[in-house]
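The primary structure of each chain is shown beneath.
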Amino acid sequence: MKRARDDKRTRVVYLASSWALSYPSEKLVGRIPLMRAALAEFPDAGSPFEPVLAALEDTPLADLQAQYVQEFDLSRRHALHLSYWSDGDTRRRGDVLADFKQTYRQHDVLVDTHGELPDYLPMVLEFAATVDLDAGRELLIRFRPSLELLRLALVDAALPHSGAVAAVCATLPGESPADRNAVMKLAGYGPPTESVGLEPYDPRLLPLRGV
């Protein structure tokens, strides 16, 4: 019974995070009462989401959309593509993206990416919440360093979305690293050896494991 309730809580957190990190729309704003009601079923589940939900409620939609594009589409500092943080724009990233697609296909899911790459965090979270929780969590655990670097970048920028990412990290084994150095230590990664379109040792990227 406890496992079932814990899994339900995790699914709710993942779906709420998926929506909170998606491009703002009237449909998204209309979902806020549903998100609050679902999160309220579990003690303290809703508190990390309050900043982003309040921003969605209190900010004009056009401003929300402009801010989102600026922070998540035009800037790589808050990239929502998990393999960007681990593989950057290196050639090996293609294999990583193929692995995401294969995971979806193995579960007989035809994913409409809406033009996004398959490692787009809101898509991964929706898959975990609505299709296969265990397979989705495996992806999130595999890319835990990417999640933590994104979380830290959002905190540094004082963006309200940081709480949604922190809530996802809290569902994964162990405590979140306190800083970037701790993330690197957790991952055990060395510096990237190849880059296409990016300067080597770009500090925004999680260094690659030596081949």
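Predicted model, so just to flag it, every value in this text is computed and none were measured. (Residues numbered from 1 in each chain as written. Predicted model: local features only at pLDDT ≥ 70, side-chain atom pairs only at ≥ 80, totals over all residues. Heavy atoms only, no water.)

Quick rundown of helix H3 (residues 32–39)? Include the residues and the values.
Quick reminder: α-helices carry 3.6 residues per turn. Residues three or four places apart thus point the same way. Of the residues making up H3, those classed as buried are Ile-32, Met-35 and Leu-39. Down the axis of H3, the buried set is contained in an arc of 60 degrees. They therefore lie on one face. For H3, exposure combined with an orientation more than 90 degrees from the buried face picks out Pro-33 and Leu-34. For H3, the secondary structure elements touched by its buried residues are helix H1 (2–20), helix H2 (26–30) and helix H4 (50–58). (Buried < 20%, exposed > 50% of the residue type's maximum accessible area, 1.4 Å probe, protein only. Helix = DSSP H or I, 4+ residues; strand = E, 2+ residues; numbered from the N terminus. Arc of directions from axis to C-beta. Contact = heavy atoms within 4.5 Å.)

Can you break down the packing of aromatic side chains residue by residue, with the values?
What characterises a pair of aromatic rings is the spacing of the ring centres plus the angle enclosed by the ring planes. Counting across every chain of the model gives four aromatic pairs. Ring geometry for Phe-100 and Phe-143: centres 5.2 Å apart, planes at 40 degrees, overall tilted. Here Phe-100, found in helix H7 (residues 93–106), pairs with Phe-143, found in the loop between helix H9 (133–142) and helix H10 (144–156); they are 43 residues apart in sequence, far enough to count as distant. Phe-143 matches Phe-100 in its accessibility class, with the two residues each being buried. The ring of Trp-19 carries the charged tip of Arg-31 above its face, separated from the ring centre by 4.1 Å. (Phe/Tyr/Trp six-rings, centres within 6.5 Å; stacked < 30°, edge-to-face > 60°. Lys NZ or Arg CZ within 6 Å of the ring centre and 35° of its normal.)

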